Amino acid sequence: VWGAAAYREDQLRTVGEAAGRAIMENVEHLPNISADDINGMLTEALRQVSAARQSNHQLCRGATYVGVEDMSPADVERWLARNGLSLDAVYASTVVWQANLLEMIQRAKRSPKRHGKINSQDEQAFQGLMMAMMSDPVIMQLAMANGDTAALSNVNVCAVAESVLRQVNGLPDGTKARAWAAVFDMPEFREGMRQARQMGF
C-alpha cells in the first residue's frame, strides 16, 4: 500500500511539475491575457474560498496557522497533510488551475491584450478600494490582530480572503487588467522569475 501511495505521489508530482514548467516557459504571455480571463480567475478563487468558509474548513480558522512560521520544511509538509493539503488531496484543483492558465496563455498568444499602464483613474479606484477594506470589519479584525496569537486564533481567514476578493472583483475591468499587467513589470517579480529559472524551473 505504501509503495502504491508513493508511486501515485511521484506521478502527481511529475504531472504538476510538467505543467508548471510549461507555464514558466510562457510566462511572458500572461500580462496579455484578457480582462475576461482575469475576472474568471477571481470568480473561481472566490467560489473556492466561499465554499471553504461555508464548510468551516480547518484552514479557515486562524488558530490553524499559529506556529507555522517556525516549522521546518518537513513539519510544514506534515502540517499540509493534516489540513487536507496533501499532494493527492489538492491534485485535482491544482491541475484545473494549471490547465486554465495554459488555456489563457494560448488565448493571449493568439490575441494578446495590451492593457497599458496604470493611470490616475486607476489610482483613485485603488484609494477607494483601500478605504472600503479599512471599513470592512472582517478585514480589520485581521489587521488589528497584528501578530497577536490569541487575536489571530479568532480570525476566520476564509472570510477575510472572501472580503478582499469581493472588493478587488468590484474594481473596473480596465483597472484590474492594468494592475494585473503591472505585476509582471515589478522588479520583484522579474527577480523572482530570474531566480526560479536559475533553479531549473
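For the structure, see preceding data.
Residues numbered from 1 in each chain as written. Predicted model: local features only at pLDDT ≥ 70, side-chain atom pairs only at ≥ 80, totals over all residues. Heavy atoms only, no water.

1. Focus on the overall build of the chain
Condition: Secondary structure elements are taken from DSSP: a helix is a run of H or I of four residues or more, a strand is a run of E of two residues or more, and numbering for both begins at the N terminus. Burial classes: relative accessible area under 20% of the type maximum marks a residue as buried, over 50% as exposed, and values in between as partly exposed (1.4 Å probe, protein chains only). Here a residue-residue contact requires only that any non-hydrogen atoms of the pair lie within 4.5 Å. The accessible surface values rely on the Shrake-Rupley method and a 1.4 Å probe; as for residues, cover is taken only from the protein chains in view. Only four residue types enter the charge count, namely Lys and Arg as positive and Asp and Glu as negative; His and the chain termini do not. Taken as the charge location is NZ of Lys, CZ of Arg, CG of Asp or CD of Glu.
For the chain, the count of helices and strands is ten helices and zero strands. Looking at the chain as a whole, 28% of its 201 residues are labelled buried. For the chain, restricting intrachain contacts to residue pairs at least 6 apart in sequence, the fraction spanning at least 24 positions comes to 81%. Summed over its atoms, the accessible surface of the chain is roughly 12,500 Å², and 58% of this surface lies on carbon and sulfur atoms. Of the charged side chains in the chain, 20 are positive and 23 negative; the average position of the first set lies 5 Å away from that of the second.

2. Observations regarding the state of the cysteines
Definition in use: Any cysteine sulfur atom paired with another within 2.5 Å is treated as part of a disulfide.
Here the structure, examined in full by the defined rule, presents one disulfide. Sulfur-sulfur distance for the disulfide between Cys 60 and Cys 158 comes to 2.0 Å. Its S-S torsion of approximately -85° makes the covalent link between Cys 60 and Cys 158 left-handed. With Cys 60 in the loop between α2 (35–54) and α3 (73–82) and Cys 158 in helix α8 (residues 157–169), this pair connects stretches of sequence that are 98 residues apart. The burial state of Cys 60 is the same as that of Cys 158; both residues are buried.

3. Let's talk about the packing of helix α5 (residues 120–134) against α8
Here is the rule we go by: Here, axes are lines fitted to C-alpha atoms. For helices the fit covers the stretch in contact, and angles between N-to-C directions go from 0 to 180 degrees. Angle categories are assigned with fixed cut-offs, so that under 35 degrees is roughly parallel, over 145 is roughly antiparallel, 65 to 115 is roughly perpendicular, and the rest are oblique. A crossing counts as left-handed when the near helix is turned anticlockwise from the far one by less than a right angle, and as right-handed when that turn is clockwise. Classification used: nonpolar for Ala, Val, Leu, Ile, Met, Phe, Trp, Tyr, Cys and Pro, charged for Asp, Glu, Lys and Arg, polar for all others including Gly.
Here α5 crosses α8 at 150°, and the two axes come no closer than 10 Å. As far as their axial angle goes, α8 and α5 are roughly antiparallel. Seen from above, α5 lies across α8 with right-handed handedness. In contact with Leu 129, Ala 132 and Met 133 of α5, α8 contributes Val 164, Gln 167 and Val 168. Classifying every residue of the contact of α5 with α8 by side-chain character gives five nonpolar, one polar and no charged.

4. Examining the packing of α2 against α8
Describing two packed helices takes the angle between their axes plus the distance from one axis to the other. α8 packs onto α2 with a crossing angle of 155° between their chain directions and a minimal axis gap of 9 Å. Classified by the angle between their axes, α2 and α8 sit roughly antiparallel to one another. Relative to α8, the crossing made by α2 is left-handed. Between α2 and α8, the contacting residues are Asn 39, Leu 42, Thr 43, Ala 45, Leu 46, Val 49, Ser 50, Ala 52 and Arg 53 on the first element and Cys 158, Ala 159, Ala 161, Glu 162, Leu 165, Arg 166, Val 168 and Asn 169 on the second.

5. Some remarks on the packing of aromatic side chains
In this description, a pair of aromatic rings is defined by centroid distance and the angle of the planes. The condition that has to hold: Only Phe, Tyr and Trp rings are paired, with Trp represented by its six-membered ring, and only when their centres lie within 6.5 Å; those with planes under 30 degrees apart are stacked, over 60 edge-to-face, the remainder tilted.
Applying the stated rule across the entire model yields three aromatic pairs. Plain terms: the ring middles of Phe 184 and Phe 189 are 4.9 Å apart, the flat faces sit at 75° to each other, and that makes the pair edge-to-face. Exposure remark for Phe 184: the relative accessible area of 10% places this residue in the buried category.

6. Here we look at the nonpolar core
It is characteristic of soluble globular proteins that their nonpolar side chains tend to be buried jointly. Stated formally: In plain words, nonpolar cores are sets of buried Ala, Val, Leu, Ile, Met, Phe, Trp, Tyr and Cys residues tied together by side-chain atoms within 4.5 Å.
Counting residues in each nonpolar core, the largest one holds 23 residues, and the members touching the most others are Leu 30, Ile 33, Ile 38, Met 41, Leu 101 and Leu 165. Of all the secondary structure elements, the ones that give two or more residues to this core are α1 (2–25), α2, α4 (87–110), α8 and α10 (187–198). Ranked by the residues each element gives to this core, the list is headed by α2, at seven residues. Leave out the neighbours within four places in its chain, and Leu 30 touches Ile 23, Leu 101, Ile 105, Trp 180 and Phe 184. In this structure, Leu 129, Met 133, Ile 139 and Leu 171 belong to the second largest nonpolar core, which totals five residues.

7. Quick notes on α2
Put simply, the rule is: To estimate the expected span of a helix, count its residues, drop one, and scale the result by 1.5 Å.
Taking 1.5 Å per residue, 20 residues should reach 28 Å; α2 reaches 28 Å between its end C-alpha atoms and fits that length. Among the residues of α2, those classed as buried are Asp 37, Ile 38, Asn 39, Met 41, Leu 42, Ala 45, Leu 46, Val 49, Ser 50 and Ala 52. Tucked into the core, α2 has its buried residues touching α4, α8 and α9 (173–183). Remark: Asn 56 follows α2 within two positions and exhibits a positive phi of approximately 55°.

8. Some details on the pattern of salt bridges
Stated formally: Salt bridges, as used here, are contacts in which a Lys or Arg side-chain nitrogen is within 4 Å of a carboxyl oxygen on Asp or Glu.
Counted by the stated rule, this structure contains nine salt bridges. With a closest N to O distance of 2.3 Å, Glu 162 and Arg 53 form a salt bridge. On the criterion of sequence distance, the pair formed by Glu 162 in helix α8 and Arg 53 in helix α2 is long-range, its members being 109 residues apart. Relative accessible area serves as the criterion here: at 30%, Arg 53 is assigned to the partly exposed category. Between Asp 173 and Lys 176 there is a salt bridge; the shortest N-O distance is 3.5 Å. In this pair, Asp 173 and Lys 176 both sit in helix α9, three residues apart, roughly one turn of the helix. Taking the relative accessible area as the measure of exposure, Asp 173 reaches 39% and is therefore partly exposed. Within the structure, one salt-bridge network assembled from shared partners comprises Arg 53, Glu 162 and Arg 166.

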